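# Structure at a glance
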Amino acid sequence: MSQVKKVLIHESKAISAGTILTYNVPSFNTIDDIILEFLDSGAAATKANVLAGVGKIALNINGEQVVNLPIARLYDIYASLGQEVTQNITNAIGLNIGRYLFKSPDVEDFFAYGCANIQTIQVQVYLNATVTGLTDCQVSTIRRATNQPLGSYIKAINYPQTMNTTGISTVDTLPRDSNEAYLSIMAHNGGGVITGGECVVNGNSVYDPISQALDDYIVNARGLAAVSGVFNYSFSDGAIKQILPMQGVTELRLKTTFGTAPTNGNYDLVAVSIRNVPDTMLKAVAA
């Protein structure tokens, strides 16, 4: 049965510095992606102006936080996809990005937002105190005419960290929900320099202490792209088995080494995960 992917424009709002734009996205069919398009008097805004003028992006579905991160980190995730998303992402950027870590289109489509049991979809765009070259933000969706429940979906959440010195920043507070699995956790250097990282799960190494250069190689070898200033704890190479499930996990510990401390004493730690991990994936991992 054909599933034509329709592109539907929903709402455009004028941009005003220091405000929050709130969009209520209509809930029907199956949504493959929710897209923000930033305009400058009808023309495409520049990426530089988007990064300078926009702060945080948030997506809530049925009141649950699904996306919550600075727009700069959203661009980082796209950059990490490398050849999986070949076009240059400029003024239009989608929010359902983690699905593109998978190399099979069928698997990508599985991580859409089925609207059969969704009551509310809300997008918020936080504008900085100074905005230049941005006049409007428009929301659109890519949809298929199917009727399915929300099911499994991708989350992209920033967990800001404090780091005032050089040395190791240890984080063991990321969610360990048995209903979730991590695809990638990206540590941004915050203006400092990351020299390496380590990941331990239940006392076992997932990443031995390795250098930034080796991490960049591993990411590239998996068909993704190394991102300047980012240490990517990557748990996926695009296959359905390649996830880090949290079932039975009591310890998830990241140790990121800074050769130069972050500029303002903090850095972003962005986690891309699957919520409501499908049984087929868990069985594939266990096999």
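Up top is the structure these notes are about.
Everything numeric in this text was worked out from a predicted model, so none of it was measured.

### Some remarks on the overall build of the protein
Scanning the protein from terminus to terminus reveals five helices and 21 strands. Rg of the C-alpha trace for the protein: 19 Å, near the compact-globule value of 19 Å for 287 residues, within the 12% margin. Counting every position in the protein, which comprises 287 residues, the buried fraction comes to 50%. Put simply, of all contacts in the protein between residues at least 6 apart along the chain, 80% involve residues at least 24 apart. Total accessible area on the protein is roughly 12100 Å²; 49% of this is exposed by carbon and sulfur atoms.

### Some thoughts on the packing of aromatic side chains
Per the counting criterion, the structure on display carries seven aromatic pairs. With a centroid separation of 4.9 Å and an interplanar angle of 55 degrees, the aromatic rings of F258 and Y267 are classed as tilted. Take F258 and Y267: they sit in the same class, and that class is buried. These aromatic residues form a ring-pair network of at least three members: Y207, F231, Y233 and F235. Just above the ring of Y126 sits the side chain of K56; from NZ or CZ to the centre is 4.6 Å. R143 extends its terminal NZ or CZ atom over the ring of F28, reaching a point 3.9 Å from the ring centre.

### A word on helix 2 (residues 71-80)
A large share of helix 2 lies buried, amounting to eight of its ten residues. Looking one or two residues beyond helix 2, the residue adopting positive phi is G82, at roughly 55 degrees.

### Focus on the sheet that holds strand 16 (residues 204-211)
Spatially, four strands are ordered 13-19-15-16 in an open sheet, and the strand pairing comes out antiparallel. The open sheet terminates on both sides in strands that have one partner only, identified here as strand 13 (167-171) and strand 16. Sheet twist, expressed as the average angle between the axes of neighbouring strands with direction ignored, equals 15 degrees. Pairing of strand 15 (residues 193-201) with strand 19 (residues 252-260) involves eight bridges; the strand directions are antiparallel. Across the sheet, the residue bridging to C199 is L254, located in strand 19.

### A word on the nonpolar core
Membership of the largest hydrophobic core comes to 60 residues, with the highest contact counts inside it found for L36, F38, L59, Y113 and V125. Looking at which element gives the most residues to this core, the answer is helix 2, with five residues. Setting aside residues up to four positions removed in sequence, L36 forms contacts with I57, N91, A92, I93, L95, V123, V125, C137, Q138 and V139. Within the second largest apolar cluster, 23 residues are counted, among which are M163, I185, F235 and Y267.

### What to know about unusual backbone geometry
Phi at N62 is positive, roughly 50 degrees, even though this residue is not glycine. Within the secondary structure, N62 is located in the loop between strand 5 (54-61) and strand 6 (64-70). For N62, a relative accessible area of 34% gives the class partly exposed. A positive phi angle, close to 60 degrees, is found at N276, a residue other than glycine. Turning to its location among the elements, N276 is positioned in the loop between strand 21 (269-275) and helix 5 (279-286). The class of N276 is partly exposed, set by a relative accessible area of 27%.

What counts and what doesn't
- Residues numbered from 1 in each chain as written.
- Predicted model: local features only at pLDDT ≥ 70, side-chain atom pairs only at ≥ 80, totals over all residues.
- Heavy atoms only, no water.
- Helix = DSSP H or I, 4+ residues; strand = E, 2+ residues; numbered from the N terminus.
- Rg over C-alpha atoms; globule rule 2.2 N^0.38 Å.
- Buried < 20%, exposed > 50% of the residue type's maximum accessible area, 1.4 Å probe, protein only.
- Contact = heavy atoms within 4.5 Å.
- Areas by Shrake-Rupley, 256 points an atom, 1.4 Å probe, with all protein chains shown as cover.
- Phe/Tyr/Trp six-rings, centres within 6.5 Å; stacked < 30°, edge-to-face > 60°.
- Lys NZ or Arg CZ within 6 Å of the ring centre and 35° of its normal.
- Pairing = 2+ DSSP bridges.
- Axes fitted to C-alpha atoms, helices over the stretch in contact; angles between N-to-C directions.
- Core = buried A, V, L, I, M, F, W, Y, C linked by side-chain atoms within 4.5 Å.

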